[in-house]
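Here's the letter readout for the chains.
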Amino acid sequence: MPYVLLICSTLFWSGNFVLSRGMHAEIPPIGLAFWRWLTAFLILAPFGLRLMYRQREQLKRHWRFILCQGLLGVTGFNTLIYLAVQTTSAINAVLVNSCIPVIIVVVCRLVYGERLSLRQCVGVCISFGGVLLIISKGDITLLLQLTFNRGDLLVLLAAFVWAFYSANFRKYPAGLNSIGYLTAIIITGLFFLFPLYLFELSGGRTVVLNTPTVLTICYVALFASVLAFICWNKAVRQIGASRAGPFIHLMVVFSTILAITFLDETLYAHQFQGIVLVFTGIFLTTLAVKKQG
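Position numbers for residues count from 1 along each chain, tracking the sequence in the order it is written. Reporting in this predicted model follows two pLDDT cut-offs: at least 70 for local features of residues, and 80 or more for side-chain atom pairs to be given and counted; totals over whole chains, interfaces and linings ignore these cut-offs and use all residues. Side-chain numbers here rest on the full set of heavy atoms in the structure, without hydrogens or water.

To continue, consider helix H10 (residues 211-239). For H10, which comprises 29 residues, the first-to-last C-alpha distance of 40 Å matches the rise-based estimate of 42 Å (1.5 Å per residue) to within 8%. We define the bend at each residue as the angle formed by axes fitted to the 7 residues ending at it and the 7 residues starting at it. Helix numbering and strand numbering both begin at the N terminus, where a helix is a DSSP run of H or I of at least 4 residues and a strand a DSSP run of E of at least 2. Along H10, the helix axis deviates most sharply at Ala-228, where the bend reaches about 35°. Just beyond H10, the residue with positive phi is Gly-240, at close to 95°. Take the number of residues in a helix, subtract one, and multiply by 1.5 Å to get its expected span.

What follows covers the side chain of Thr-183. Of note, Thr-183 is situated in helix H9 (residues 178-202). Two N or O atoms form a polar contact when they lie within 3.5 Å of each other; inside protein one atom must be a possible hydrogen donor and the other a possible acceptor, and for residues adjacent in sequence the pair counts only when both atoms belong to side chains. For Thr-183, the side chain forms a polar contact with the main-chain oxygen of Ile-179, separated by 2.8 Å.

This paragraph deals with the packing of helix H6 (residues 100-112) against helix H8 (residues 150-167). Between H6 and H8, the least distance of the axes is 9 Å, while the angle of their chain directions is 50°. One way to sum up the angle between H6 and H8 is to call them oblique. In this structure, H6 meets H8 at a crossing whose hand is right-handed. Every residue of H8 that contacts H6 at Ile-100, Ile-103, Ile-104, Val-107, Cys-108, Val-111 and Tyr-112 is listed here: Leu-156, Ala-159, Phe-160, Trp-162, Ala-163, Phe-164, Ser-166 and Ala-167. Residue type decides the class: Asp, Glu, Lys and Arg count as charged, Ala, Val, Leu, Ile, Met, Phe, Trp, Tyr, Cys and Pro as nonpolar, and the leftover types, Gly among them, as polar. Here the contact of H6 with H8 is composed, by residue class, of 14 nonpolar, 1 polar and no charged. Lines fitted to the C-alpha atoms define the axes, with helices restricted to the stretch that makes contact. Angles between their N-to-C directions range from 0 to 180 degrees. Each angle gets one of four labels, with under 35 degrees taken as roughly parallel, over 145 as roughly antiparallel, 65 to 115 as roughly perpendicular, and the rest as oblique. Left-handed describes a crossing whose near helix is turned anticlockwise from the far helix by less than a right angle; the clockwise case is right-handed. For this analysis, residues touch if any pair of their heavy atoms sits within 4.5 Å.

If you want it as structure tokens, here you go:
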């Protein structure tokens, strides 16, 4: 079940990168982050606020954990990604973002002393190799021709933020409802996003309200925020951040499959080979979990 949840979360997030890059001229980065999470809060509020009230004592006891997760997962990660895609290409963003599984492993090892088996390490490397094969279009030398800028550094910073957010689930309070937790960190994240949004508005950058922008905000709020976070959070709590990390590579796979399905693009040999490598790497990682279980 956790692996199905991870697949769903990466599928929902696949559209987030494409939409945020494609709509960056109509929706400024902080505005997109703010309205995304405000809409997500409105979706969750009828259920989440009631659950928060029921578990208010537990939330008070673990306020530091909630504050940290809200800053990392809500205010930090997505805002950095949206800022990054203003100045970097989708290929660069996906490439740097694909380093997250490796960074998660490093963070879990250094901060929590968590170790991966050799098979799991090989699995992470193989799945990352599949990502490189897909985005380089079968010619790895093309990666040497990529140029990196400030946006790429922001994606790298976002990758570290997400790695710490995921690794921090080792501190998740027992018995805390997942919907109540998500509602709480959204409220926390919005608290810090709001002044940033006001600063962006003072610079004259406003959201252009039209059908594409409204649909974009609705998508990232419902699918990339509420559903994807619920799936990811629950899965990471069950199997750990290090073992969940390689599933992030599925974002490249799903983006490729969606383009072939809906944009009538052709499936090339390097894409098929890359997809096989990604799934092979994930299989090795999850197989190791079962043997340790």
